[in-house]
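# Structure at a glance
Below, each chain spelled out in residue letters.
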Amino acid sequence: QKVIAANALAQFVADLCTECNQRGIFWSIENPARPLVWWTATMKALLLLQGVHDVVFSGCEYGAERDKRTRLRSNVPEFAAICKLCTGTHPPRGPEGALHAPWGVSKKGQKWHFATADECAYPQELCKTIANAVAAAVARVSGRPLASTSARQHAPTHPRGEGAAAAGAVGRAG
């Protein structure tokens, strides 16, 4: 039942992205880099559309504690700026000077805690990089430059697990 529902959702997303691509509207899909969903016929077909590409990045290169690799499939060429894989040269982020915090599960009181939950929110540096890429894409197709995230005041940040402000941008792909 879960697999059927997941496949139906993947098909809906692929159909939506195909329609957006045909209309020149920006889109992207985000998921961990390695799950099998990327290699289904539905998702692979998106790579055959004009201007569609994958970008893979490591969260640790943007300040996350772990080397969580994420894939974006998109028609936004400016997202290429996001592609950074762990080089092993960033400051240690794990316990006792380890390069990365460990993956796994632990029990805290009566509750189980999965390390994957710690990597759900994007680090602020990654958010800035994505926002700048979207601003560059919108500027490219509109012919009007937009200020970079470093040139404007930022919205307040929220601790993980307490919600976050979200903003969206719609543009025409070019």
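Structure shown above.
The structure reproduced in this document is the subject of the present report. Since the structure is predicted, the reported quantities are computational estimates derived from the model, not experimental observations. (Residues numbered from 1 in each chain as written. Predicted model: local features only at pLDDT ≥ 70, side-chain atom pairs only at ≥ 80, totals over all residues. Heavy atoms only, no water.)

### Things to note about the pattern of salt bridges
- Applying the stated rule across the entire model yields eight salt bridges.
- Linking Asp54 and Arg73 is a salt bridge whose minimum nitrogen-to-oxygen distance equals 2.6 Å. Of this pair, Asp54 sits in strand β2 (residues 53-58) while Arg73 is found in strand β3 (residues 69-74), placing the two residues 19 residues apart along the sequence.
- Relative accessible area serves as the criterion here: at 25%, Asp54 is assigned to the partly exposed category.
- Salt-bridge contacts for Arg69 lead to Asp67; the nearest nitrogen and oxygen are separated by 3.6 Å.
- Residue classification places Arg69 among the partly exposed positions, given a relative accessible area of 30%.
- Residue Asp67 is classed as partly exposed on the basis of its relative accessible area, which comes to 22%.
- Beyond isolated ion pairs, a larger network of salt bridges with shared partners links Glu65, Arg66, Asp118 and Glu119. (Salt bridge = Lys/Arg side-chain N within 4 Å of Asp/Glu carboxyl O. Helix = DSSP H or I, 4+ residues; strand = E, 2+ residues; numbered from the N terminus. Buried < 20%, exposed > 50% of the residue type's maximum accessible area, 1.4 Å probe, protein only.)

### Notes on the pairing of strand β5 (residues 111-114)
- Two strands pair when backbone bridges link them, and strand β4 (residues 105-108) and β5 are joined in this way by four bridges, in the antiparallel orientation. Across the sheet, residue Ser106 finds its bridge partner in β5, namely His113.
- With antiparallel pairing between neighbouring strands as the criterion, β4 and β5 make up a hairpin whose turn holds two residues, including Gly109 at a positive phi of roughly 65°. (Pairing = 2+ DSSP bridges.)

### Describing the packing of aromatic side chains
- In the structure shown here, the tally under the stated rule is two aromatic pairs.
- On the basis of an interplanar angle of 75° and a centroid distance of 6.1 Å, the ring pair of Phe57 and Tyr122 is categorised as edge-to-face. Taken as a pair, Phe57 in strand β2 and Tyr122 in the loop between β5 and α3 (124-142) lie far apart in primary sequence, 65 residues in all.
- Under the relative-accessibility criterion, Phe57 is labelled buried at 1%.
- Linked through ring pairs, Phe57, Tyr62 and Tyr122 together constitute an aromatic cluster.
- Note that Arg66 overlies the ring of Trp103, its terminal NZ or CZ placed 5.5 Å from the centroid.
- Taking NZ or CZ as reference, Lys84 lies 4.9 Å from the ring centre of Tyr62, over its face. (Phe/Tyr/Trp six-rings, centres within 6.5 Å; stacked < 30°, edge-to-face > 60°. Lys NZ or Arg CZ within 6 Å of the ring centre and 35° of its normal.)

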